[in-house]
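Next come the chains, spelled out residue by residue.
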Amino acid sequence: MRRSLVIALALLVLALLFVGGPSLLFSPSTESVSPNETEVSPKMTELEDSDSRFWRYLSPEERFKQRSPINVIVRGDVDDVERVLTEASDGDWAEINESEVEAGPETYTLTGGGNRSDDPDPEAEDNETAGNEPTVDEPPANDTVNNSEAANDSEAANDSSGPIPNLEWGEADGGTRYAYLDPGPNESGYWTTETRQLEDGDYYGQRYHIRLYESPNEDDQWVIMQTHSEHFDWFTLRHRVHGSQDAQTKIENDFMKHPRVDVEEDVRRVYLNNRNSSDADGWATVVDLTGMILLPGAVGLVARRRDRLLRADTGSQTDPEHIADRAPSAIDDHLTDVDRRRIAAAYDRIEVGHLLLVGTIVGLYFAVRFGGLGLERRADFLTPHQIAGLLYPVLAVGIPTATYLVAGTLTRRLDAALVAAGSLAAAIWLDYGYLGVDSLPVDVVLQRMLVVVALGLIAGGAAKRATRESRFNDMLVAGVALWVLVLSGTLLGYF
């Protein structure tokens, strides 16, 4: 029993150091990123030379809640907007199954730490809810967007430290979001669903998602858009939205790549004062397409030419072999005799089972991630729910079962526990790195720490020294119970 407590404490330390510590230093609290549920009185926004107006948020129901801020406005026809976005990437477009569902309201709890804001104090933004007063200059009192309201902000729009995958825009389906539109004098405002939806990326990986709403009056020629980035979390079986800044910047770049868009004149940012609980800063991108004549196919030719120029323009690279040659000698110079003996002793304890355990856990984890991507792209006959039904058992049952079987070939309990826990922690970090996720809310960090500890206990309880008296020992029972409890609580929405 005493040995089991020591191993459990070691696992907690490992989870804190390699999962909780780095995340908690930079992650916002759950309260600071949770959406504002308070219903407010709407303040309508109108555009220059337009009779119709819109409310600057979307809502999951026909009520005025400050949930999803409008962050892109395009002057032009909705067909032209889609044509520019789709042709700019020169991609292979595919319609997403209607059974795909977008992130629900309860999943708006992940904010990307790599995003940058136009706000002078971006650190304060994380702690601000939708109803608070902004810290940047206020727009005019009538809240009208016109050409003189803001200087061109294209340089700031391009400045985003978060990773922007090279993906392609295509049609998408998602959860319903309502926009409130006011046609103008002598007409009543009304709630409406999106005119169109586009996505850029993969359902089971990372994607950018756009909802487009066209003006109620055909002569007004404007389209408002709400865009965000999100990733699929296999532990919760739903998408987690991690911000809007990267997606907004992506759209800006796509429009500015069009040969007939004047970056200085046709693309700018204006302040709508609709920052919310995510990373939205209240600034919206405005693009003017009204003076354009779009030529199908022209964008693809220009995009391909620019891609070739970018590929040809390569800088100097560091020789990896040169670094590899220097690294061992530099490390060896700083090792004492005691250090060398400890390293030798640790090396002598390494068994083939340790390496097999690492490969098994990491391999199964990424088999689920890339298996979902592969089935999404190639198995058109499967719905997203069927894909999740096929792969989730690999994560929930396959990983602990395989860990138990492989760890059973190892002798020492502590070694098995630390290797298993460390392997899962490494897999989690590699996965978030692949998805470009920079920051996590505290509840998600806690969930990941608990599953790491649970898997370590299962591995420690399966080692030979732990099963000398009984295969159902205290560590194994505690590990299985914790694993089931955490995953069940996750699916029920507690994480």
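In this text the structure is predicted, and so the values were computed from the model without any measurement.

How should I be thinking about the overall build of the chain in this particular structure?
In terms of regular secondary structure, the chain is built from 15 helices and 15 strands. Relative to its full complement of 495 residues, the chain shows a buried share of 51%. Across the chain, every contact between residues at least 6 apart in sequence was considered, and the portion connecting residues at least 24 apart equals 76%. Working note: accessible area of the chain is about 23400 Å², and carbon and sulfur atoms make up 53% of it.

Explain the side chain of Thr227 to me, please; I cannot follow it from the model alone.
The topology assignment puts Thr227 in strand E12 (residues 222-233). What makes Thr227 buried here is its relative accessible area of 0%. A distance of 3.2 Å separates a polar atom in the side chain of Thr227 from the backbone oxygen of His209. If sequence neighbours within four positions are ignored, Thr227 has contacts with Asn71, Val72, His209, Ile210, Ser244, Ala247, Gln248 and Ile251.

I would appreciate a short explanation of the UniProt feature "transmembrane region" (unreviewed entry) in the chain in the present structure.
UniProt's entry tags residues 282-303, 350-367, 387-407, 414-432, 444-463 and 475-494 with the feature "transmembrane region" (unreviewed entry), counted in the numbering of this structure. Secondary structure content for residues 414-432 is 100% helix and 0% strand, and the end C-alpha separation is 27 Å. Overall, residues 444-463 shows 95% helix and 0% strand. The separation of its end C-alpha atoms is 29 Å.

Looking at this model, I keep getting lost on the pattern of salt bridges. Mind explaining?
Side chains that differ in charge, positive against negative, can pair when their charged atoms come close. If you walk through the whole model with that rule in mind, you get 15 salt bridges. Taking the shortest distance from any N to any O, the salt bridge between Arg53 and Asp182 comes out at 2.8 Å. Residue Arg53 is located in strand E2 (residues 53-55), and its partner Asp182 is located in strand E8 (residues 179-182); the two are separated by 129 residues in the primary sequence. Residue Asp182 is classed as buried on the basis of its relative accessible area, which comes to 11%. Residues joined by salt bridges that share partners form a network here, namely Glu61, Arg63 and Lys65.

What is the right way to read the packing of aromatic side chains from this model?
The geometry of two aromatic rings is summed up by the distance between their centres and the angle between their planes. All told, the structure shown has 17 aromatic pairs when counted by the stated rule. Taken together, a centroid distance of 5.1 Å and an interplanar angle of 85° make the contact between Trp55 and Phe64 edge-to-face. Judged by relative accessible area, which is 15%, Phe64 ranks as buried. Members of the aromatic cluster, connected to one another through ring pairs, are Trp55, Tyr57, Phe64, Tyr180 and Trp191.

Sorry if this is basic, but what is going on with helix H14 (residues 442-462) here?
Every α-helix carries 3.6 residues per turn, so stepping three or four residues along brings you back to the same face. For H14, built from 21 residues, the straight-helix expectation of 30 Å at 1.5 Å per residue is met to within 8% by its first-to-last C-alpha distance of 31 Å. With 18 of its 21 residues buried, H14 lies for the most part within the structure.

Even after reading the chapter, I still don't get empty space enclosed by the protein, so can you show me in this structure?
If a probe as big as a water molecule is rolled over the atoms, it shows which places are left empty. Per the counting criterion, the structure on display carries five cavities of 30 Å³ or more. Each pocket or cavity is described by its volume, and for the largest cavity that value is around 80 Å³. Of all the secondary-structure elements, those providing two or more residues to the lining of the largest cavity are helix H11 (352-378) and helix H13 (413-435). Looking at which element gives the most residues to the lining of the largest cavity, the answer is H11, with three residues.

It is not clear to me how the packing of H11 against helix H12 (residues 384-407) should be interpreted in this structure. Could you clarify?
Packed helix pairs are specified by the crossing angle of their axes together with the interaxial distance, meaning the distance between the axes. Where H11 meets H12, the axes come as close as 10 Å, and the angle between the chain directions of the two elements is 175°. Judged by the inter-axis angle, H11 sits roughly antiparallel to H12. On the side of H11, the interface is formed by Gly353, Leu356, Leu357, Thr360, Ile361, Leu364, Tyr365, Val368, Gly371, Gly372, Leu375 and Glu376, while H12 contributes Ile387, Leu391, Val394, Leu395, Gly398, Ile399, Ala402, Thr403, Val406 and Ala407. When the residues that make up the contact of H11 with H12 are grouped by side-chain class, the tally is 15 nonpolar, six polar and one charged.

It is not clear to me how a negative patch on the surface should be interpreted in this structure. Could you clarify?
Among the surface-exposed residues, Asp51, Asp77, Glu214, Glu218 and Asp219 lie close enough to one another that they form a single negatively charged patch. By the secondary structure assignment, Asp77 is in the loop between strand E5 (72-75) and helix H3 (78-89). Exposure remark for Asp77: the relative accessible area of 31% places this residue in the partly exposed category.

What should I look at first to understand the side chain of Thr403 in this one?
If you trace the backbone, Thr403 turns up in helix H12. When near neighbours in sequence (up to four residues on either side) are disregarded, Thr403 contacts Leu357, Ile361, Ala420, Leu455 and Ala459.

Looking at this structure, how should I read the packing of H13 against H14?
The interhelical angle for the contact between H13 and H14, taken along N-to-C directions, is 145°, at an axis separation of 7 Å. Note that H13 runs across H14; the crossing there is right-handed. Residue-level contacts link Arg413, Ala416, Ala417, Ala420, Ala421, Leu424, Ala425, Ile428 and Tyr432 of H13 to Val444, Arg448, Val451, Val452, Leu455, Gly456, Ala459 and Gly460 of H14. Tallied by class, the residues present in the contact of H13 with H14 amount to 13 nonpolar, two polar and two charged.

What am I meant to see in the environment of Leu58 here?
Counting through the fold element by element, Leu58 comes out in strand E3 (residues 57-58). Taking C-alpha positions, Leu58 is 6.2 Å from Pro69, a pair spaced eleven residues apart along the chain. Other than its neighbours up to four places away in sequence, Leu58 contacts Lys65, Arg67, Ser68, Ile70, Arg177, Tyr178, Ala179, Arg211, Tyr213 and Gln226.

Looking at this structure, I do not really get the pairing of strand E14 (residues 267-271). What am I missing?
Successive side chains on a regular strand alternate, one facing one side of the sheet and the next facing the other. Most of E14 sits inside the fold, with five of its five residues counted as buried. Burial of E14 is two-sided: the residues Val267, Arg269 and Tyr271 facing one way and the residues Arg268 and Val270 facing the other way are all buried. Across five bridges, the pairing between E14 and strand E15 (residues 283-288) is antiparallel. Bridging across to E15, Arg269 finds its partner in Thr285.

Analysis parameters
Residues numbered from 1 in each chain as written. Predicted model: local features only at pLDDT ≥ 70, side-chain atom pairs only at ≥ 80, totals over all residues. Heavy atoms only, no water. Helix = DSSP H or I, 4+ residues; strand = E, 2+ residues; numbered from the N terminus. Buried < 20%, exposed > 50% of the residue type's maximum accessible area, 1.4 Å probe, protein only. Contact = heavy atoms within 4.5 Å. Areas by Shrake-Rupley, 256 points an atom, 1.4 Å probe, with all protein chains shown as cover. Polar contact = N/O pair within 3.5 Å; in protein donor to acceptor, adjacent residues only side chain to side chain. UniProt positions renumbered as here; feature names shortened; annotations may be inferred. Salt bridge = Lys/Arg side-chain N within 4 Å of Asp/Glu carboxyl O. Phe/Tyr/Trp six-rings, centres within 6.5 Å; stacked < 30°, edge-to-face > 60°. Expected span 1.5 Å × (residues − 1). 1 Å grid on protein atoms, 1.4 Å probe; cavity = no way out; pocket = protein on both sides within 12 Å on 5 of 7 lines; lining within 4 Å. Points joined across faces, edges and corners; volume = space filled by probe spheres on them. Axes fitted to C-alpha atoms, helices over the stretch in contact; angles between N-to-C directions. Parallel < 35°, antiparallel > 145°, perpendicular 65-115°, else oblique. Nonpolar A, V, L, I, M, F, W, Y, C, P; charged D, E, K, R; others polar. Patch = residues over 30% accessible without salt bridge, like charges linked within 9 Å, V, L, I, M, F, W, Y side chains within 5 Å. Lys, Arg positive; Asp, Glu negative; His and termini not counted. Charge placed at Lys NZ, Arg CZ, Asp CG, Glu CD. Left-handed = near helix turned anticlockwise from the far one by under 90°. Pairing = 2+ DSSP bridges.

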